[in-house]
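# Working through the structure, step by step
What follows is each chain in one-letter form.
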Amino acid sequence: MTTPPSSPPNDVFVLGFDTAMDACQVAIVSRTGHIVAKAHEEMKRGHAEALIPMIGAVLEAAELGLEDLTRIGVTVGPGTFAGLRVGLSAARSFGLSHDIPIVGVSTLEAVAVTLPEPEADQPLRAGVIAFDARNDEVYLQIVDPLGTLVVAPSVIDLKTAAEAVPEGLVNLSGSGAPKLADALAALERSSDVAVVDESLWAPQAEWIARLALVAPDDRVGPPSPLYLRPPDAKEPENGGALPHA
């Protein structure tokens, strides 16, 4: 389901999309970061068949063409190998054919920017993003209360990840949040951990577009996948999802 256009003509428009995880999603934002149109469908497989029609539907809803886009933002991982390949291939194709600058956005970064802001009278919290990487591991990124990167995207075992979480006030998000919260509890740390709402655990296409909108020029260029570890299984012949990168 797409939303109708609501931005003035001759604006800056950025397309963001994500096929890295268990959804296919597309959004267009304007110069102010306002959502012009978006679409989202949960899926574990079938991203290759769904993405291009979804982009077309969102562009139609926004009454735009590819030539109207200022930038494209696309997730680069971590995520499924098959899903990443679909999104990156589409971004490169559109960028090359229409001379559109592309910005790669990590899925961890896209979730980090959705961490809730504290109330006016509340202190800032560090942000911990953890995606379930299976085998008692997580994909981890940590930012301090001012948003400075403390732990760069990495794949790490749960115990080591828990030890890396700073003491004090912490917001915890991502599909690995429950497991990491349990690991923190086992350490009996003094961290005050708040697990954010599950609806914020995965990347959102509008935030991918917003991050691409404000990205500095040195982040513009053909995106490369963020592989934090090699695949641990062969690709299924039926095109099914691969293990997470």
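The rules behind the values
- Residues numbered from 1 in each chain as written.
- Predicted model: local features only at pLDDT ≥ 70, side-chain atom pairs only at ≥ 80, totals over all residues.
- Heavy atoms only, no water.
- pLDDT = per-residue confidence, 0-100.
- Contact = heavy atoms within 4.5 Å.
- Pairing = 2+ DSSP bridges.
- Helix = DSSP H or I, 4+ residues; strand = E, 2+ residues; numbered from the N terminus.
- Axes fitted to C-alpha atoms, helices over the stretch in contact; angles between N-to-C directions.
- Phe/Tyr/Trp six-rings, centres within 6.5 Å; stacked < 30°, edge-to-face > 60°.
- Lys NZ or Arg CZ within 6 Å of the ring centre and 35° of its normal.
- Salt bridge = Lys/Arg side-chain N within 4 Å of Asp/Glu carboxyl O.
- Buried < 20%, exposed > 50% of the residue type's maximum accessible area, 1.4 Å probe, protein only.
- Expected span 1.5 Å × (residues − 1).

### Focus on the confidence of the model for the protein
Looking at the protein as a whole, its pLDDT mean stands at 90, while 89% of the residues score no less than 70. The low-confidence segment residues 233–243, where pLDDT is below 50, has 21 contacts with residues more than four positions distant or belonging to other chains.

### Observations concerning the sheet that holds strand S8 (residues 149–157)
Strand order in the open sheet formed by five strands is S8-S7-S6-S9-S10, with mixed pairing between adjacent strands. Of all the strands in the sheet, the pair left with one neighbour each is S8 and strand S10 (192–195). Ignoring strand direction, the axes of neighbouring strands in this sheet form an average angle of 20°. Pairing of strand S6 (residues 126–132) with strand S9 (residues 169–173) involves four bridges; the strand directions are parallel.

### Some remarks on the packing of aromatic side chains
Inspection of the entire model under this criterion finds one aromatic pair. A cation sits over an aromatic face here: arginine 210 above tryptophan 207, 4.7 Å from the ring centre.

### Comments concerning the pattern of salt bridges
Applying the stated criterion across every chain, the model contains eight salt bridges. Between aspartate 11 and arginine 31 there is a salt bridge, with its nearest N and O atoms 3.4 Å apart. On the criterion of sequence distance, the pair formed by aspartate 11 in the segment before strand S1 (14–18) and arginine 31 in the loop between strand S2 (23–29) and strand S3 (35–42) is long-range, its members being 20 residues apart. The exposure class assigned to aspartate 11 is buried, which follows from its relative accessible area of 17%. Arginine 31 sits in the exposed class, given a relative accessible area of 51%.

### Digging into the sheet that holds strand S5 (residues 102–106)
Spatially, five strands are ordered S3-S2-S1-S4-S5 in an open sheet, and the strand pairing comes out mixed. Looking at strand neighbours, the two that pair on one side only are S3 and S5, the edges of this open sheet. Along the sheet, successive strands turn relative to each other by an average axial angle of 15°, direction set aside. Direction of pairing for S1 relative to strand S4 (residues 71–77): parallel, over a ladder of four bridges. Considered in S4, the bridge of phenylalanine 17 is made with valine 74. On the sheet, helix H1 (residues 47–62) packs against S1, S2 and S3 and is oriented at approximately 25° with respect to S2. Packed onto the sheet, helix H2 (residues 81–98) meets S1, S4 and S5 and runs at close to 155° relative to S4.

### Quick word on H2
Given a rise of 1.5 Å per residue, 18 residues ought to cover 26 Å, and the 26 Å separating the end C-alpha atoms of H2 matches this to within 8%. Taken together, the buried positions of H2 are Phe81, Ala82, Gly83, Leu84, Val86, Gly87, Leu88, Ala90, Ala91, Phe94 and Gly95. On the buried face of H2, the contacting elements are S1, H1, S4 and S5. Directly after H2, the chain includes aspartate 99, whose backbone phi takes a positive value near 50°.

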